[in-house]
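If you want the building blocks of each chain, they are given just below.
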Amino acid sequence: AQSVTQPDIHITVSEGASLELRCNYSYGATPYLFWYVQSPGQGLQLLLKYFSGDTLVQGIKGFEAEFKRSQSSFNLRKPSVHWSDAAEYFCAVGAGRGAQKLVFGQGTRLTINP
Amino acid sequence: EAGVAQSPRYKIIEKRQSVAFWCNPISGHATLYWYQQILGQGPKLLIQFQNNGVVDDSQLPKDRFSAERLKGVDSTLKIQPAKLEDSAVYLCASRTPGGYNEQFFGPGTRLTVL
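Worth saying up front: this structure is predicted, and the values here are computed from it rather than measured. (Residues numbered from 1 in each chain as written. Chains lettered and ligands numbered in written order. Predicted model: local features only at pLDDT ≥ 70, side-chain atom pairs only at ≥ 80, totals over all residues. Heavy atoms only, no water.)

### Overview of the overall build of chain A
Then comes step 1: The secondary structure content of chain A amounts to zero helices and 12 strands.
Then comes step 2: The order of helices and strands in chain A, counted from the N terminus, is β-β-β-β-β-β-β-β-β-β-β-β.
Then comes step 3: Here chain A has a C-alpha radius of gyration of 14 Å; the compact-globule value for 114 residues is 13 Å, and the two agree.
Then comes step 4: Dimensions of chain A, computed from C-alpha atoms along their principal axes, come out at roughly 45 × 30 × 20 Å.
Then comes step 5: The burial tally for chain A puts 46% of its 114 residues in the buried class.
Then comes step 6: Considering only contacts within chain A whose residues lie at least 6 apart along the sequence, 53% involve residues at least 24 apart.
Then comes step 7: Within the structure as shown, chain A displays about 5,400 Å² of accessible surface, and the carbon and sulfur contribution to it stands at 46%. (Helix = DSSP H or I, 4+ residues; strand = E, 2+ residues; numbered from the N terminus. Rg over C-alpha atoms; globule rule 2.2 N^0.38 Å. Buried < 20%, exposed > 50% of the residue type's maximum accessible area, 1.4 Å probe, protein only. Contact = heavy atoms within 4.5 Å. Areas by Shrake-Rupley, 256 points an atom, 1.4 Å probe, with all protein chains shown as cover.)

### A look at the packing of aromatic side chains
Then comes step 1: Taken as a whole and judged by the stated rule, the model has 16 aromatic pairs over all chains.
Then comes step 2: Between tyrosine 50 of chain A and phenylalanine 67 of chain A, the ring centres sit 4.5 Å apart and the planes meet at 25°, which makes this aromatic pair stacked. One end of the pair, tyrosine 50 of chain A, is in strand β6 (residues 44-50); the other, phenylalanine 67 of chain A, is in strand β8 (residues 64-68), and 17 residues separate them in sequence. Each of the two residues, tyrosine 50 of chain A as well as phenylalanine 67 of chain A, counts as buried.
Then comes step 3: A ring pair is formed by phenylalanine 65 of chain B and tyrosine 90 of chain B, whose centres lie 6.4 Å apart and whose planes are at 40°; its orientation type is tilted. Of the two residues, phenylalanine 65 of chain B sits in strand β7 (residues 65-68) while tyrosine 90 of chain B sits in strand β9 (residues 88-95), which places them 25 residues apart along the sequence.
Then comes step 4: Overall, the relative accessible area of 0% leaves tyrosine 90 of chain B in the buried class. (Phe/Tyr/Trp six-rings, centres within 6.5 Å; stacked < 30°, edge-to-face > 60°.)

### Description of the side chain of glutamine 6 of chain A
All names here are of chain A.
Then comes step 1: Structurally, glutamine 6 can be placed in the loop between β1 (3-5) and β2 (10-14).
Then comes step 2: Its relative accessible area of 3% is what places glutamine 6 among the buried residues.
Then comes step 3: Within the structure, glutamine 6 has its side chain in polar contact with the backbone oxygen of tyrosine 89 (distance 3.0 Å).
Then comes step 4: Other than its neighbours up to four places away in sequence, glutamine 6 contacts Arg22, Trp35, Tyr89, Phe90, Cys91, Gly105, Gln106, Gly107 and Thr108. (Polar contact = N/O pair within 3.5 Å; in protein donor to acceptor, adjacent residues only side chain to side chain.)

### Some remarks on the pairing of strand β11 (residues 101-104) of chain A
Then comes step 1: Side chains of β11 of chain A alternate between two faces, with Leu102 and Phe104 of chain A buried and Lys101 and Val103 of chain A left unburied.
Then comes step 2: Counting the residues in the hairpin turn of strand β10 (residues 87-95) of chain A and β11 of chain A gives five residues, including glycine 96 of chain A, whose phi is positive at 75°. (Pairing = 2+ DSSP bridges.)

### With respect to the nonpolar core
Then comes step 1: Ranked by size, the top nonpolar core spans 26 residues in total, and within it Leu19, Trp35, Leu47, Leu48, Phe74, Leu76 and Tyr89 of chain A carry the most contacts.
Then comes step 2: Elements that contribute at least two residues to this core include exactly β2, β3 (19-21), β5 (33-38), β6, β8, β9 (73-78), β10 and β12 (108-113) of chain A.
Then comes step 3: For this core, the leading source of residues is β10 of chain A, giving four residues.
Then comes step 4: Residues Ile13, Trp34, Ile47 and Ala88 of chain B belong to the second largest nonpolar core, which totals 21 residues. (Core = buried A, V, L, I, M, F, W, Y, C linked by side-chain atoms within 4.5 Å.)

### Side note on the interface of chain A and chain B
Accessible area lost upon the coming together of the parts is a frequently used measure of interface size.
Then comes step 1: Across the contact, 19 residues belong to chain A and 21 residues belong to chain B.
Then comes step 2: For the pairing of chain A and chain B, the buried interface totals around 1,600 Å² over both sides, and the portion due to carbon and sulfur atoms is 51%.
Then comes step 3: It is Leu44, Gln100 and Lys101 of chain A that lose the most area in chain A upon contact with chain B, and together they represent 31% of the buried surface on that side.
Then comes step 4: For the pair chain A and chain B, the interface holds two salt bridges.
Then comes step 5: Of the charged contacts, one joins glutamate 102 of chain B and lysine 49 of chain A as a salt bridge, the two residues approaching to 3.2 Å between their closest N and O atoms.
Then comes step 6: Taken together, chain A and chain B are joined by eight residue pairs in polar contact (both at pLDDT 80 or more).
Then comes step 7: Elements represented by at least two residues in the side of chain A that touches chain B include exactly β5, β6 and β11 of chain A. (Buried area = accessible area lost by both parts, 1.4 Å probe. Salt bridge = Lys/Arg side-chain N within 4 Å of Asp/Glu carboxyl O.)

These figures come from the coordinates and say nothing about function on their own.
In C-alpha cells, the structure reads:
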C-alpha cells in the first residue's frame, strides 16, 4: 500500500534562513506527489505537485520540491523563509485507481523565529 | 471562483449525540471527498463520491458514519452516535475534472465530543 513518511514532526528556523522539509514515499509505480500547507484554522492549500517530467518543481510562495526516484523522496525547499510561512506542511501521494485518492504524511509543523 | 464551502465551522456535542456536516464543492467538480484529520495527524480519507455515487468508502466506520450526495452537488456527513475518538477536523475537498487529481479543500469543521 502507498504510504508517506515525514520524519520531522516539528522544525524551527530563523526568519531569512533556508528551509528543507523531508518527505519519503512508498509507491510501486511513478507517483503523483503533492505538498500542501495548512495554516491554523484553515483548510489545506496546494503548494506544488509532481506528475512527470522535470524533477524540480516550482510552486507558489517561493517553494520548490525535488523528486528523487532513487531515494523515494520529494523534499520541499525554500531559500529564505518569512514569518508568514509558519504553518503545518503535508506531503501526499496519489493512490488508488487513477491516483484519485490522497494518502498524507503526518505533517511537519514549521515555527519561524524572528 | 468560489472555493469549497463547509458548515458549521465548529461543533461541540456530548458523546452518543448525533451531528451532521455540510459541504458544497466548487462548481463543476464531480468528485467530492470527506477526510478526517485527528490532531497531530495528516488527513485520512473517509469517503469519495463521483457525482452522486460512492467510489470508495472503505475507511468509513459505517456503524456510525454515513454520507450522502443526493443531487451530485453538495454533500452531508453524519455521525450517529458520536464517540470521544471522533473529535477531529472534518475536511471536504473537491477535484478538478479530468487530469491529475488536484484537490481543493474547504476550511473544515472542528468537532469536539465531550
